[in-house]
Amino acid sequence: MNASVTRRDAVLGIAAAATSFAVPSILRAQSAGRVVVVGGGFGGAACARALKRAEANLQVILIEPSTVFTSCPFSNEVIAGLREIDTQQFGYDKIAAEGVTVISQAVTTIEPQLRSVVTADGVALPYDRLVLSPGIDFHFEALPGYDDATSEKMPHAWKAGAQTLLLRRQLEAMPDGGTVAIAIPANPSRCPPAPYERASLIAHYLKTKKPRSKVLILDAKDNFSQQRLFEKAWRELYGDMIERIGLSQGGRVTSVDPATRTIVTEFGNYTPDVANVIPPQRAGRIAEVAGAADATGWCPIDPVTFESKLVQNIHVIGDACLGGGIPKSASAASAQGKACASVIVNLLAGRAPETPRLTGVCYNIVAPGYGFSLAGNYQPRGDIFAEVEGGTSSPVDAPRELRAREATEAEHWFQTITADTFG
């Protein structure tokens, strides 16, 4: 197909064509097989594309309810008014043009015993292997007072799109001299350095537009990724505009009151002009529906095959999985998607999967022309991915020329990964 499938009759046609998967496995083995991928972010889209490229005869179905993907990487620049939201948005037409069937539906049910997924309109799609790449959902129960309705007053902007623009509008409406509070949860969390990048870019916006204002970080952690680099940049660029209260100083947020826009911590209450509350997270809900999430809310996997430790024939990639040392990031999700595709092609062909070696990189922009990065290599070790030698981090003491070069490299990385994933 050359475009996303949205009509029920097209989905029914796919289901009818799949009836051969109900015959005994000895007959199914004569074909390349069928893989269903649920979730069209960096992990799922990369996996679907890699599957089709690796095995042209493989039937690959990508199920994603949104027809447009909005990227979280670089969305902090949208919040700070440095880029527009449409530069973050990508469709699925080019993936479909390569032979992947793209279905614009939500998945409501997964039946592992039948090897079947059911979409919102009631169509059942069988699979030989299922890949879940559902990203994150919010663990609202862990933050009393916070829910979807509250997010319209105290936005999280942790799923890029409407929330990103809402937070931007709130910043634009805030008076000079106001306070922006960012509540940061404990790990595991999507893209651990991103809240501190956000604080930096909001400070840049305030410095240029509302210089009497400040940013208050309320943090459920004492230490965070690339902390020395961030704190050096804050001192250099923003003086005392950014204040951070860590866990041991009482920075962990215990509840919120949306009626008064109050953030409650262990040692005090805050009522900022703008409250950016990032709640605790867990795997996207469909992982729980599939039985692939454990009591932590995340999905334990075999790091060699990405297969769920709880449900057979289901693989989990991206932010939803318990990845050990590998961060929850776009770069990691893309790498996992491609590695998982290779594993599945080998398994369907009766070959032993190769041990994956994953590379992830994270760029942080703290002001226009000022960036730094962290790169790591990861391999299975026991039940998790562990970092191995070869990782690099930007030096703490570096000239501005290096910071400017890394900011340029970050933009190049974004253009490359989005083109590689979405076409």
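Refer to the preceding data block for the structure.
Here we summarise the structure given alongside this text. (Residues numbered from 1 in each chain as written. Predicted model: local features only at pLDDT ≥ 70, side-chain atom pairs only at ≥ 80, totals over all residues. Heavy atoms only, no water.)

1. Re the sheet that holds strand S21 (residues 370–381)
Two modes of strand pairing occur in sheets, parallel and antiparallel, and in both the strands are linked by backbone hydrogen bonds.
Moving on, step 1. In spatial order, the strands read S20-S21-S22; together these three strands make up an open sheet with antiparallel pairing. Of all the strands in the sheet, just strand S20 (358–367) and strand S22 (384–393) have a single pairing partner and so form its edges. Within the sheet, the average angular offset between the axes of one strand and its neighbour, ignoring direction, is 30 degrees.
Moving on, step 2. Taken strand by strand, helix H8 (residues 227–238) contacts S20, S21 and S22, and its axis lies near 20 degrees from that of S20.
Moving on, step 3. Of the strands in this sheet, S20 and S21 touch helix H11 (residues 400–422), which is tilted by about 60 degrees from S21. (Pairing = 2+ DSSP bridges. Helix = DSSP H or I, 4+ residues; strand = E, 2+ residues; numbered from the N terminus. Axes fitted to C-alpha atoms, helices over the stretch in contact; angles between N-to-C directions. Contact = heavy atoms within 4.5 Å.)

2. As for the pairing of S22
Consecutive side chains along a regular strand alternate between the two faces of the sheet.
Moving on, step 1. Direction of pairing for S21 relative to S22: antiparallel, over a ladder of seven bridges. Looking at the pairing, Ala375 lines up with Thr392 of S22.
Moving on, step 2. Between the end of S21 and the start of S22, which pair antiparallel, lie two residues, with Gly382 showing a positive phi angle near 70 degrees.

3. Details of the pattern of salt bridges
Moving on, step 1. If you walk through the whole model with that rule in mind, you get 19 salt bridges.
Moving on, step 2. The salt bridge partner of Arg190 is Asp319, with a shortest N-O separation of 2.7 Å. Remark: Asp319 occurs in the loop between strand S19 (314–316) and helix H10 (330–348) and Arg190 occurs in the loop between strand S11 (179–184) and helix H7 (194–209); sequence separation between them is 129 residues. The residues Arg190 and Asp319 share a single accessibility class, namely buried.
Moving on, step 3. As a salt-bridge pair, Glu236 and Lys232 come within 3.5 Å of each other at their nearest N and O atoms. Of this pair, Glu236 and Lys232 are both found in helix H8, four residues apart, which corresponds to roughly one turn of the helix. (Salt bridge = Lys/Arg side-chain N within 4 Å of Asp/Glu carboxyl O. Buried < 20%, exposed > 50% of the residue type's maximum accessible area, 1.4 Å probe, protein only.)

4. Comments concerning H8
Moving on, step 1. Compared with the 16 Å implied by 1.5 Å per residue over twelve residues, the 16 Å span of H8 between its first and last C-alpha is a close match.
Moving on, step 2. Two residues or fewer past H8, Gly239 is found with a positive phi of approximately 60 degrees. (Expected span 1.5 Å × (residues − 1).)

5. Observations concerning the nonpolar core
Moving on, step 1. Counting 106 residues, the largest nonpolar core has Leu51 and Ile110 as the members making the most contacts within it.
Moving on, step 2. At nine residues, the largest contribution of residues to this core is made by H10.
Moving on, step 3. Formed by 13 residues, the second largest nonpolar core is a distinct cluster that contains Leu218, Ile263, Ala275 and Val277. (Core = buried A, V, L, I, M, F, W, Y, C linked by side-chain atoms within 4.5 Å.)

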